[in-house]
Every structure is written in C-alpha cells, then in structure tokens.
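Architecture and fold: a report
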Amino acid sequence: MGDHKEQQPLRVGAAVRRRRRALELTLAVVAERSGLSVPFLSQIENDRARPSRSSLEKVADALRTTAVELLAAADPACSVDVVRAEDVTLDDFAPRVRSLVRGHHQLHASEFTGDHDAGREFQHRNDEVMYVADGAVEIEAEGRAYRLGRGDTLYLTGGVRHRWRATVPDTRVIIVAVAEHIEALRDRSR
C-alpha cells in the first residue's frame, strides 16, 4: 500500500465558493466583475473545470483577494493523508512540536513532546481539544487550574485564554483545533 503523495492537484473550487459566500456575492456578480461566465464559474466552484492562471487571477480580483490566497485555501484533491511518525532517538529529550496534518485543512493537529514555553498564553479563534497521550500537564484556563494525566482531555471553546506546562518528563500532548481560517458558527440561543 502506498502513502498519499504530498504533491496532489488542488481543488480551488471550495476556496472560491467560501470566499464568494463570505463576501455575500452571487455568481452573477462575480461573473460581471471577472468577465467570466456564470456557468464557467459554477464549474470552477464544483471542481468540474480547472481555471487557467489568468482566469484564476480574474476570479481572485473579483473576490478582492489574490490567486495565491485562493490556492493557499484550496483543498487537496485527495481525502486521505498519512503522516508517518518521526524517527526519535531515546536520548532525544528536547521539547519538540510535530504537525500531524499536512496542508490547509479545517482541522489543525499537533503533537507536543516534552515541555514548552509554559509562560506563553494562547487564545485561539476556534475550539480545540487537548489530549494527554503520555505524562501529565497542568493547564490554566479562565482563571482555573486543571491537572490532566495520561488519557485525559480538555476541551476549550474559541476565545478562551489558556496556558499549559508539562509536569513530568517525556509528556506528549496532542492538540486538535479548528483551523483559524474557519469561521465558527456560534449557537446564539445559549
């Protein structure tokens, strides 16, 4: 079985659609601004047509962004990606961070091994989950301290200020968060 290749073609359609909807524009308005047809724009958004560099720049101009930004926000054409564990020597106790997800996705996941800057405060736009894979951590959030051990999780809603530190050597923490570019929907009824 082969692993997913990192250089997959990008599907720019979803990025174009997200940007257009964020600006509350219709396809007709984007067509008028770009000089491209509504059917062609629809095909781009549904990934049934791949725009040329020139067409992508016209779409980007109509959406008040750049082709580079649209490509950066594009989805990879595949839906499966394997990130292999790094070779770690037993003598390597230095703190390190490893990304568990490649590319620009709706979720961001990282593995923290060892300690890190315990004085650094975080406040993320969107929700996140912290999972202690090994060791133990102490987390300060919303003025309260939480102690977590192996197998424990802590859920933080977007906007919560927090800081954390490992309390035992060889601690491994997995953090999975909704990516910063995603606009989270808030339940206003609460």
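Here's what I pulled together on the structure shown here. (Residues numbered from 1 in each chain as written. Predicted model: local features only at pLDDT ≥ 70, side-chain atom pairs only at ≥ 80, totals over all residues. Heavy atoms only, no water.)

Our next topic: the sheet that holds strand 4 (residues 107-113). Reading across from one edge, 3-4-11-6-9 is the order of the five strands in this open sheet, with antiparallel pairing throughout. Strand pairing shows two members of the sheet lacking a second neighbour, strand 3 (96-99) and strand 9 (153-156), which therefore form its edges. The average undirected angle you get between the axes of adjacent strands in this sheet is 20°. Of the pairings in the sheet, the one linking strand 4 to strand 11 (residues 172-178) comprises seven bridges and is antiparallel in character. Bridge pairing links T113 to R172 in strand 11. (Pairing = 2+ DSSP bridges. Helix = DSSP H or I, 4+ residues; strand = E, 2+ residues; numbered from the N terminus. Axes fitted to C-alpha atoms, helices over the stretch in contact; angles between N-to-C directions.)

Two numbers describe how helix 2 (residues 27-34) lies on helix 3 (residues 38-45): the axes approach to 9 Å, and their chain directions differ by 110°. By the angle class used here, helix 2 and helix 3 are roughly perpendicular. The handedness of the crossing between helix 2 and helix 3 is right-handed. When helix 2 is examined against helix 3, the residues L27, A28, V30, A31 and S34 are found in contact with a partner set consisting of V38, L41, S42 and E45. The residue makeup of the contact of helix 2 with helix 3, split by class, is six nonpolar, two polar and one charged. (Parallel < 35°, antiparallel > 145°, perpendicular 65-115°, else oblique. Left-handed = near helix turned anticlockwise from the far one by under 90°. Contact = heavy atoms within 4.5 Å. Nonpolar A, V, L, I, M, F, W, Y, C, P; charged D, E, K, R; others polar.)

Phi at E24 is positive, roughly 55°, even though this residue is not glycine. With respect to the helices and strands, E24 occurs in the loop between helix 1 (13-22) and helix 2. For E24, a relative accessible area of 71% puts it in the exposed group. Of note, E142 is a non-glycine position whose phi angle comes to about 55°, a positive value. Residue placement: E142 occurs in the loop between strand 7 (136-141) and strand 8 (144-149). Here E142 falls in the exposed class, since its relative accessible area comes to 60%. (Buried < 20%, exposed > 50% of the residue type's maximum accessible area, 1.4 Å probe, protein only.)

A few words now on the packing of aromatic side chains. Applying the stated criterion to the full structure yields one aromatic pair. Here the aromatic rings of F112 and W164 are separated by 5.5 Å at their centres, their planes lie at 85°, and the arrangement is edge-to-face. A residue pair is termed long-range when its members are at least 10 positions apart, and F112 in strand 4 and W164 in strand 10 (residues 161-166) qualify at 52 residues. Across this residue pair, the class does not change: F112 and W164 are buried. (Phe/Tyr/Trp six-rings, centres within 6.5 Å; stacked < 30°, edge-to-face > 60°.)

Locating Q106 in the fold gives a position in the loop between strand 3 and strand 4. In this structure Q106 comes out as exposed when scored by relative accessible area, which is 54%. The spatial distance from the C-alpha of Q106 to the C-alpha of A179 is 5.2 Å, given a sequence separation of 73 residues.

Attention now goes to helix 3. Because an α-helix completes one turn every 3.6 residues, residues spaced three or four positions apart along the sequence face the same direction. Those residues of helix 3 that fall on the buried side of the exposure criterion are L41, I44 and E45. Taken down its axis, helix 3 places every buried residue within 95° of arc, on the same side. In this structure, the buried side of helix 3 is in contact with helix 1, helix 2 and helix 4 (53-62). Two or three places before F40, at the opening of helix 3, S37 has a side-chain oxygen 3.1 Å from that residue's backbone nitrogen. Looking one or two places after helix 3, you find D47, whose phi comes out positive at around 55°. (Arc of directions from axis to C-beta. Polar contact = N/O pair within 3.5 Å; in protein donor to acceptor, adjacent residues only side chain to side chain.)

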